[in-house]
Amino acid sequence: MKLKYESVTGYVEEVEISAEIGAYVTADRREEENSNRRHRYHAAYSLDGALYEGDDFATDDTPESACIRDYENEQLYAALDTLTDTQRRRLEMFADGLTFREIARREGVSHKQVSKFIEQARTKIKKIYEKN
């Protein structure tokens, strides 16, 4: 049995092999092609088409932007460390999407007090960012 092999450069070579080995290689190639076909069918994007897909495969994350993001996170954590426990807790609840009234109900205080605490926390954080 003759089996064809194609190199990366496009050169095709025929090799004489036994029928038993040929059947195994042919079955293996068929299984691999079927697997590739299933993968292409179920995949959202084809990596073969990455050149044509454009920005779907692009990322804005560069070493410089990662460094800037890390620095800004350090500043934010430093600012959060200056807050009181109450300010931090209420600010986190507000950041999670709760309203002043919902926070006030949970804390057992008036919504105006919650508003005051959150505004004080914002002011503290702004001052720390302005210093840097």
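Cut-offs and rules
Residues numbered from 1 in each chain as written. Predicted model: local features only at pLDDT ≥ 70, side-chain atom pairs only at ≥ 80, totals over all residues. Heavy atoms only, no water. Phe/Tyr/Trp six-rings, centres within 6.5 Å; stacked < 30°, edge-to-face > 60°. Buried < 20%, exposed > 50% of the residue type's maximum accessible area, 1.4 Å probe, protein only. Lys NZ or Arg CZ within 6 Å of the ring centre and 35° of its normal. Helix = DSSP H or I, 4+ residues; strand = E, 2+ residues; numbered from the N terminus. Contact = heavy atoms within 4.5 Å. Salt bridge = Lys/Arg side-chain N within 4 Å of Asp/Glu carboxyl O.

J.: Any chance you could break down the packing of aromatic side chains for me, citing the residues and the numbers?
T.: Applying the stated criterion across every chain yields a total of 1 aromatic pair. Centre to centre, the rings of F94 and F100 are 5.1 Å apart; their planes meet at 25 degrees, and the pair counts as stacked. Judged by relative accessible area, F100 falls into the partly exposed class, the value being 25%. One residue, R90, lies across the ring of F117, its end atom 4.6 Å from the ring centre.

J.: Residue-level account of the side chain of R90, with values.
T.: Secondary-structure assignment places R90 in helix 4 (residues 85–95). Beyond its immediate chain neighbours, meaning those up to four positions away, R90 contacts I103, E107, V109, Q113, V114, F117 and I118.

J.: Break down the pattern of salt bridges for me, citing the residues and quoting the values.
T.: By the definition in use, this model includes 5 salt bridges. A salt bridge links E119 to R122; the shortest N-O distance between them is 3.7 Å. Of the two residues, E119 and R122 both sit in helix 6 (residues 111–131), 3 residues apart, roughly one turn of that helix. Through salt bridges with shared partners, a single ionic network connects R89, R90 and E107.

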